[in-house]
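# Structure at a glance
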Amino acid sequence: MKELKILTPHGILGYGIPEKDFWRGIDAGADAMIIDAGSTDPGPYLLGLGKMIVSREAYLRDLSLMLKACATRKVPIYLSSAGGPGINQHVDDLIDIIREIAGANGYHFKIAAIYADIDKQVIRTRLEDGRIVPCGSAPPLTADDVDQAVNVVAQMGAEPFLQVLKEHPDIDIIVAGRAYDPAPFAGLCMLHGIDPGVYWHMGKIVECGANCAEPKGKVILATVRKDSFDLEPMNPAERCTIASVAAHTLYEKTRPDLLSGPGGVLDLRGSRYEQLDERRVRVSGSVFTPSPKYQVKLEGASIVGHRTIFIGGIRDPILVGQIDGFLDKVRQDARETYPELANGQASLNFHVYGKNGVMGSTEPLIDVVPHEVGLLGEITAPTQAAANAIANSTRIAVLHNPYPGQVATAGNFAIPLNPPENPIGPVCKFSIYHLMEVDSPTELFPVRYSEI
Amino acid sequence: MASKPIRDLAKTIRSKNSGPFEITFDIIFDDTAIYQQVKESGVFTPEALCKLYGVGTDAIVAFMFFDPARAFKMTLKRSWAQGSVGERDTFGTQQHAPLMDFLVPLP
């Protein structure tokens, strides 16, 4: 094959694929549709609570469109990081949705499921063997972190996708669990003798859809050949320019020049960008260097407590002017009433919007006195009942505590919600974000084939 | 020599998570000459930028200009857990504001 055309209908499956732009990409001769569904950006609750990033209805909507193209135009679909966190359950849930759409429309597909949940015993053994290190700025891993994690997945690289494509060249749909975002792109390109520097760079850009276009878009077509790739957004109002594509290589990455992934490092220092016409850019020159040890990134989340919140506003200028001292006193009272706050089992955080709600203690504008502040009280405790109790007394303290110079003695706090305190459930944290050595790139990612 | 805030010189100033344990800041220019002037001004030092965020230079993970994108990038360790207790910016997308008024002397 001289060239491969890969259509990416959106940066994330379920965000709403624009139909006209999508069909423009199919009509342009797409050889495959590749879309990832995952991200750690929404926070650890997806992984910790097994939630999906969008609703079932949103997946039904986007997948209906893609399955129609798959069934009627014979364009295969490779999905990765099912549901967001990419746990086994989400792979099966997406296949259920696909089965439902196929049943309603009389479609028949050959499907491969690739799973990415990792057995904790494997992690414990490799931790003891010194084969796990922190990823980037994460703290060192402890055995406790492993025990407490609710779900642990690993980001698969390209090889599990390559394995499926070699074993079943006629596969219609791959639904993969957690994967490095560019991995399905790389897996397909590996099969066609494309240079690794080319396909990793291409995958890195187009896994975000047409985010690299001006204005930022959704559907993008990448045309890949042995030593370069071209990018074209499928919305005629968007263009890829050298500046927009080069700038995208910085986006949400630690550094702009060297990008580490499963199996090696992509070096962008020699990348060349060429403007082919008003809307298309050609990229070449990036180099992939395999690393001596193949590592995959583990992601795990645990539940650290249960949270109750209250929200309100303060408009009294006498109180706004001394809000920090006032809230310090509320904190102090709460610590005296609830020993779990003093001993660290529970926590009370105030977010003071209008003052430093966004920047917290790093806010550089410390002398500005706003005319009004919004207050979010955030209480986390080992149980929901304990968080509710602390929220009760803290909210009442904010409403009724006295303060120096007070003239408004009926109450301090304008509360919009009723009930005023709201339990919002478990709070999670990323407890595992580490690189683990593997004996082979496919050993941890079992494949299951089915037909529907 | 006149000084200008970086918001008057750059096309893009943004912050975003780079994974759950880091926040990365990008400043991107659309004019090569201005990019070069900013780069050569010498005011982009780890000390000066860390001071804006009240952190020590040991929080720096990456700090570099990148010519192919006419861009400056700084990545800092997150000093609080992403999406967990006490979070104030889950995606890290509003932490760029103190950078905007950073002054750059121009010839």
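Calculation notes
Residues numbered from 1 in each chain as written. Chains lettered and ligands numbered in written order. Predicted model: local features only at pLDDT ≥ 70, side-chain atom pairs only at ≥ 80, totals over all residues. Helix = DSSP H or I, 4+ residues; strand = E, 2+ residues; numbered from the N terminus. Buried ≥ 20, exposed ≤ 12 C-beta atoms within 10 Å, placed from the backbone. Contact = placed C-beta atoms within 7 Å. Pairing = 2+ DSSP bridges. Axes fitted to C-alpha atoms, helices over the stretch in contact; angles between N-to-C directions. Parallel < 35°, antiparallel > 145°, perpendicular 65-115°, else oblique. Left-handed = near helix turned anticlockwise from the far one by under 90°. Nonpolar A, V, L, I, M, F, W, Y, C, P; charged D, E, K, R; others polar.

## Focus: the overall build of chain A
Helices and strands together make up the secondary structure of chain A, namely 14 helices and 19 strands. Each of the three principal axes of chain A carries a C-alpha extent, and together these read 80 × 50 × 50 Å. Within chain A, buried positions represent 49% of all 452 residues. Pairs at least 24 residues apart make up 76% of the contacts formed inside chain A by residues separated by at least 6 positions.

## Here's the deal with the interface of chain A and chain B
Across the contact, 40 residues belong to chain A and 37 residues belong to chain B. For the side of chain A that touches chain B, the element with the highest residue contribution is strand 18 (residues 421-437) of chain A, accounting for five residues.

## Points about unusual backbone geometry
Residues and elements named next belong to chain A. Geometrically, the link from Glu214 to Pro215 is a cis peptide bond, its omega value of -15° lying close to zero. For Pro215, the position within the fold is in the loop between helix 9 (196-206) and strand 8 (220-225). The step from Asn418 to Pro419 runs through a cis peptide bond, and the omega angle for that step is 5°. Inspection of the secondary structure assignment puts Pro419 in the loop between helix 14 (384-400) and strand 18. Here the phi dihedral of Glu252 falls at roughly 50°; this positive angle occurs in a residue that is not glycine. Its place among the elements puts Glu252 in the loop between helix 10 (242-248) and strand 10 (258-261). Accessibility expressed as a C-beta count within 10 Å gives 21 for Glu252, which makes it buried.

## With respect to the sheet that holds strand 14 (residues 287-290) of chain A
All names here are of chain A. If you trace the three strands from one edge of the open sheet to the other, you get 10-11-14, paired in antiparallel fashion. On the outer flanks of this sheet lie strand 10 and strand 14, each paired with one strand and no other. Strand-to-strand twist across the sheet, computed as the mean angle between neighbouring axes with direction ignored, equals 20°. Pairing of strand 11 (residues 264-267) with strand 14 involves four bridges; the strand directions are antiparallel. Within strand 14, the position partnered with Asp267 by the bridge is Val287.

## Overview of the packing of helix 7 (residues 159-167) of chain A against helix 8 (residues 183-190) of chain A
Residues and elements named next belong to chain A. It is at 7 Å that the axes of helix 7 and helix 8 come closest, and there the two elements cross at 45°. Put simply, helix 7 runs oblique to helix 8. Two packed elements cross with a definite hand, and for helix 7 against helix 8 that hand is right-handed. Touching Phe161, Leu162 and Leu165 of helix 7 are Ala183, Pro184, Gly187, Leu188 and Met190, all from helix 8. Across the contact of helix 7 with helix 8, the residue classes break down as seven nonpolar, one polar and no charged.

## Points about the sheet that holds strand 4 (residues 110-114) of chain A
Residues and elements named next belong to chain A. Spatially, 10 strands are ordered 12-13-9-8-1-2-3-7-4-19 in an open sheet, and the strand pairing comes out mixed. Here the strands that pair on one side only, and so sit at the sheet edges, are strand 12 (272-277) and strand 19 (447-451). Put simply, the sheet's adjacent strands are angled 20° from each other on average, direction ignored. Here six bridges tie strand 8 to strand 9 (residues 228-233), and the two strands are oriented antiparallel to one another.

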